[in-house]
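Topology and contacts: notes
Listed below are the residues making up each chain.
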Amino acid sequence: MNKPEILIIDDEAPIQKLLEISLESNGFKVLKALNGKEGIVMASTHTPEIILLDIGLPDKSGQDVLKELRAWYNKSIIILSVQNDENNIVSALDNGATDYLTKPFRTGELLARIRSAIRGNETQS
């Protein structure tokens, strides 16, 4: 069975490494992008099962990346962000995010949300 691919779009190397270790040890294949432009390109060339997207990116807003992805990407996008105010959360969900989790997050909770999102992807197919 192929491992589900997860694309991480986050400019923080320590967060990327933590996610990579956690996800790979739980049976996922990990792709990584350090900025929004790279993330959009990777999403279009690999079509991952899920995208984990940070809102604070160096080249463009994660909200803008989310909108660009939603123009054609129909699988789950989970926001991982330190921005925990209601306006950012509501805006991301209104712009098409499947879920929103604030940093720091609990790994077990993130994995459960990923599994739930994958189930949601399967019911949409």
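What counts as what
Residues numbered from 1 in each chain as written. Predicted model: local features only at pLDDT ≥ 70, side-chain atom pairs only at ≥ 80, totals over all residues. Heavy atoms only, no water. Pairing = 2+ DSSP bridges. Helix = DSSP H or I, 4+ residues; strand = E, 2+ residues; numbered from the N terminus. Axes fitted to C-alpha atoms, helices over the stretch in contact; angles between N-to-C directions. Contact = heavy atoms within 4.5 Å. Buried < 20%, exposed > 50% of the residue type's maximum accessible area, 1.4 Å probe, protein only. Polar contact = N/O pair within 3.5 Å; in protein donor to acceptor, adjacent residues only side chain to side chain. Core = buried A, V, L, I, M, F, W, Y, C linked by side-chain atoms within 4.5 Å.

Reading across from one edge, 2-1-3-4-5 is the order of the 5 strands in this open sheet, with parallel pairing throughout. Bordering the open sheet on either side are strand 2 (29-33) and strand 5 (99-102), each of which pairs with just one other strand. Along the sheet, successive strands turn relative to each other by an average axial angle of 20°, direction set aside. Lying on the sheet, helix 3 (residues 62-70) is in contact with strand 1 (5-9), strand 3 (50-53) and strand 4 (76-81); it crosses strand 4 at an angle near 175°.

Turning to the side chain of K103, a few remarks are in order. Here K103 is to be found in the loop between strand 5 and helix 5 (107-124). Residue classification places K103 among the buried residues on the basis of a relative accessible area of 10%. A distance of 3.2 Å separates polar atoms of two side chains, one belonging to K103 and the other to E12. Setting aside chain neighbours within four positions, we find K103 in contact with D10, E12, I15, D54, L80, S81 and V82.

Here the focus is the nonpolar core. Among the nonpolar cores identified, the biggest contains 20 residues, and L7, I9, I51, L53, L69, I77 and I79 are the most heavily contacted of them. In this structure, I77 is in contact with I51, L53, L66, L69, R70, A97, T98 and D99, ignoring residues within four places of it in sequence. Grouped together as the second largest cluster of nonpolar side chains are 18 residues, I8, I15, L111 and I118 included.

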